[in-house]
Amino acid sequence: MLYFDANATTPCAPEVLEAMRPYWNTSFANASSPHRAGRVAAQAVAVARRAVAECLDARPHEIIFTSGATESTNLVFWGLLLAPRTRRHIVVSAIEHKAVLESAALLEEQGFEVTRLPVTPDGVVDLNIAARVITPETALVSVQAANNEIGTIQPILHIARLAHQAGAFFHVDAVQALGKMPVSMLDWECDFASFSAHKIYGPKGIGALFVKGGPMRWPWPRPLRGGGQEGGLRPGTLNVPGIVGFGAACEILRQRPAEILENIATLRDLLENSLKKVFNNRIRIVGENVERLPNTSGLLIKDIDTDILFLRCKNVLFSNGSACNSGTIELSHVVKSVLLDASLDDRFLRFSLLENTTKSDIELLSRIIQENILYE
Ligand code: PLP
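A quick note: this is a predicted structure, and the numbers were derived from the prediction, not measured. (Residues numbered from 1 in each chain as written. Predicted model: local features only at pLDDT ≥ 70, side-chain atom pairs only at ≥ 80, totals over all residues. Heavy atoms only, no water.)

Observations regarding the overall build of the protein chain
For the record, the criterion: Labels follow the DSSP assignment, with helices taken as runs of H or I lasting at least four residues and strands as runs of E lasting at least two, numbered in each case from the N terminus. Buried means the residue's accessible area, taken with a 1.4 Å probe over protein chains only, is under 20% of the maximum for its type, while exposed means over 50%, and partly exposed covers the values in between. Here the accessible surface of atoms and residues is derived via Shrake-Rupley with a 1.4 Å probe, and residues count as covered only by protein chains that are part of the display. His is not counted here, nor are the chain ends, while Lys and Arg score as positive and Asp and Glu score as negative. The atoms used to mark charge sites are NZ of Lys, CZ of Arg, CG of Asp and CD of Glu.
A count of helical and extended segments in the protein chain gives 13 helices and 12 strands. Each principal axis of the C-alpha atoms in the protein chain carries an extent, and together these give about 65 × 50 × 35 Å. Looking at the 376 residues of the protein chain, the share that counts as buried comes to 55%. With the model as given, the accessible surface of the protein chain reaches about 16,400 Å², and the carbon-plus-sulfur share is 53%. Side chains of the protein chain carry 37 positive and 40 negative charges; the gap between the two charge centres is 6 Å.

Right, here's the structure in full:
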């Protein structure tokens, strides 16, 4: 099987599985329990929290463990929604993940005004427009660090400063950035950021919300109520094996040689160059001229039958957009927002490489695509 869907999810690294193992049925105590076994679990959580914090250039108490980025993002938007007296304007980019767009839509239903920032034809937020629409009425600005479908990287620090100059909070969806580009809560000057462990060879169902200054600095009512874990922001029994797995994945990331990303970018370029030869002038590489994630290739190809391609290439796993949009032939909101001139004949394919993708994987993939392509 050839796996080219790393942006949807990654396999758990063997070291991650090994680190998690004792916490299922040996050191399985509740991390909030006062007895010795509980303290063992709490200690494992503390170690993992430090590992995640170091990886994000944050402080341990600023890391709130959640079930993943969707929950983290929802917490931020729900917090704002619950605030009794607040500004009532939100700014998001048009190419956010549904976790952000749907959360913003919820607040819109409740009377907030939502501005969806357009992006340039290269898939980057238009800063001139951002500067105009972020005003002293804006409560929250939420922009992703990198896009899941096309990999384009956003000018996060610039947008953070625009938000702060207007007195607004700034949230970053950093799910796709982690592990594929430098991530620093300090350098980005953000107030909140969302993460999922399963995109960095960690387990599914665990992630984090970064809250600048920690739970004591949370500016709104707490949306979830219960036993008070995670500073009251994410109450509920801690997922100790998941947290330990997330910590282990972050530790691996921290020690990973920098050349890995360069190598992935070289392979991604090799793939794009060979597909350019296969499709000639039918292919467009989205975001080709701007900074992109090294593992991501979003391609718009004219007149190909993607259903047949998927059917014929059973052992090659790739995507026709984000995983949540699969099953429909319609171009995703991301592609439509980036390429305003995309037509009904255009089809989108996304290839996202794992860290262990090899040159021969790429050569095989190109050959399989070439042999199985059918034009409509
Ligand atoms: N944001 C981005 C950019 C994503 O790519 C994803 C998942 O694909 C999410 C948020 C949601 O992550 P999760 O499903 O782990 O909550």
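On we go from here.
Thoughts on the packing of helix α3 (residues 36-56) against helix α9 (residues 240-255)
Put simply, the rule is: Orientation is described by axes fitted as lines to C-alpha atoms, over the contacting stretch for helices, and by angles from 0 to 180 degrees between their N-to-C directions. For any pair of crossing helices, the crossing counts as left-handed if the nearer helix is rotated counterclockwise from the farther one by less than a right angle, and right-handed if it is rotated clockwise. Only heavy atoms enter the contact rule, under which two residues are in contact if any of them lie within 4.5 Å. Gly is placed with the polar residues, together with every amino acid not listed as nonpolar (Ala, Val, Leu, Ile, Met, Phe, Trp, Tyr, Cys and Pro) or charged (Asp, Glu, Lys and Arg).
Axis separation between α3 and α9 bottoms out at 8 Å; the angle between their running directions is 35 degrees. Pair α3 / α9 crosses with left-handed handedness. For the pair α3 and α9, contact is made by Ala41, Ala44, Val45, Ala48, Ala51, Val52, Glu54 and Cys55 and by Val240, Ile243, Val244, Phe246, Gly247, Cys250, Glu251, Leu253 and Arg254, respectively. Class assignment for the residues of the contact of α3 with α9 results in 13 nonpolar, 1 polar and 3 charged.

Concerning the site of the ligand
Operational definition: Definition of nearness: a residue and a molecule or strand are near each other if at least one heavy atom of the residue lies within 4 Å of the molecule or strand. Pairs of N or O atoms are called polar contacts if they sit within 3.5 Å, as long as, within protein, a hydrogen donor faces a hydrogen acceptor (for residues adjacent in sequence, only side-chain-to-side-chain pairs).
In the vicinity of the ligand, the contacting residues are Ala69, Thr70, His97, Asn148, Asp173, Val175, Gln176, Ser196, His198 and Lys199. Glutamine 176 is positioned such that a nitrogen or oxygen atom in its side chain is 2.8 Å from an oxygen atom of the ligand. Take serine 196: an N or O atom from its side chain is 2.7 Å from an oxygen atom of the ligand. Residue composition of the shell around the ligand, by class: 2 nonpolar, 6 polar and 2 charged.

Observations concerning the packing of helix α4 (residues 69-82) against helix α5 (residues 98-109)
For clarity, the cut-off: Any angle that is under 35 degrees is reported as roughly parallel, and any over 145 degrees as roughly antiparallel; angles of 65 to 115 degrees are reported as roughly perpendicular and all others as oblique.
Contact geometry for α4 and α5: axes closest at 9 Å, N-to-C directions at 20 degrees. As summarised for this structure, α4 and α5 are arranged roughly parallel, according to the angle between their axes. α4 and α5 meet at a crossing whose hand is right-handed. Residues Thr70, Thr73, Asn74, Phe77, Trp78, Leu80 and Leu81 of α4 form the contact with α5, whose own contacting residues are Ala99, Val100, Ser103, Ala104, Leu106 and Leu107. In the contact of α4 with α5, the residues fall into 9 nonpolar, 4 polar and no charged.

Quick notes on the sheet that holds strand β5 (residues 138-144)
Convention followed: For two strands to be treated as a pair, DSSP must find no fewer than two bridges joining them.
With mixed pairing, 7 strands are arranged side by side in an open sheet as β2-β8-β7-β6-β5-β3-β4. Both edges of this open sheet fall to β2 (63-66) and β4 (113-117), since each of them pairs with a single strand only. Across the sheet, the axes of successive neighbouring strands diverge by a mean angle of 20 degrees, strand direction being ignored. For strand β7 (residues 192-196) and strand β8 (residues 207-211), the ladder comprises 5 bridges, and the chain directions are antiparallel. Directly across from phenylalanine 192, in β8, lies its bridge partner valine 211. Across the sheet, α4 lies against β2, β3 (89-93), β5, β6 (169-173), β7 and β8, angled at about 155 degrees from β7, the strand it touches most.

As for the pairing of β4
Worth spelling out the cut-off: Looking down the strands as they point away from the viewer, one classifies a crossover as right-handed if the path from the first strand across the helix to the second runs clockwise.
Where β3 and β4 come together, 5 bridges link them in parallel fashion. From the neighbouring strand, serine 93 faces β4, where its bridge partner is leucine 117. Where the polypeptide runs from β3 across α5 and back to β4, its parallel neighbour, the crossover connection is right-handed.

A closer look at α4
The condition is simple: Helices are assigned an expected span. That span is 1.5 Å times one less than the residue count.
Taking 1.5 Å per residue as the helical rise, α4 with its 14 residues ought to reach 20 Å, and the 20 Å between its terminal C-alpha atoms agrees with that figure. In terms of burial, α4 is largely enclosed, as 10 of its 14 residues are buried.

A closer look at the sheet that holds strand β9 (residues 283-285)
Strand order in this open sheet of 3 strands is β9-β10-β12, and the pairing throughout is antiparallel. Edge strands, defined here as strands with exactly one partner in the open sheet, are β9 and β12 (346-352). Neighbour-to-neighbour, the strand axes of the sheet open up by a mean angle of 25 degrees, direction not taken into account. Two strands pair when backbone bridges link them, and β9 and strand β10 (residues 296-302) are joined in this way by 3 bridges, in the antiparallel orientation.

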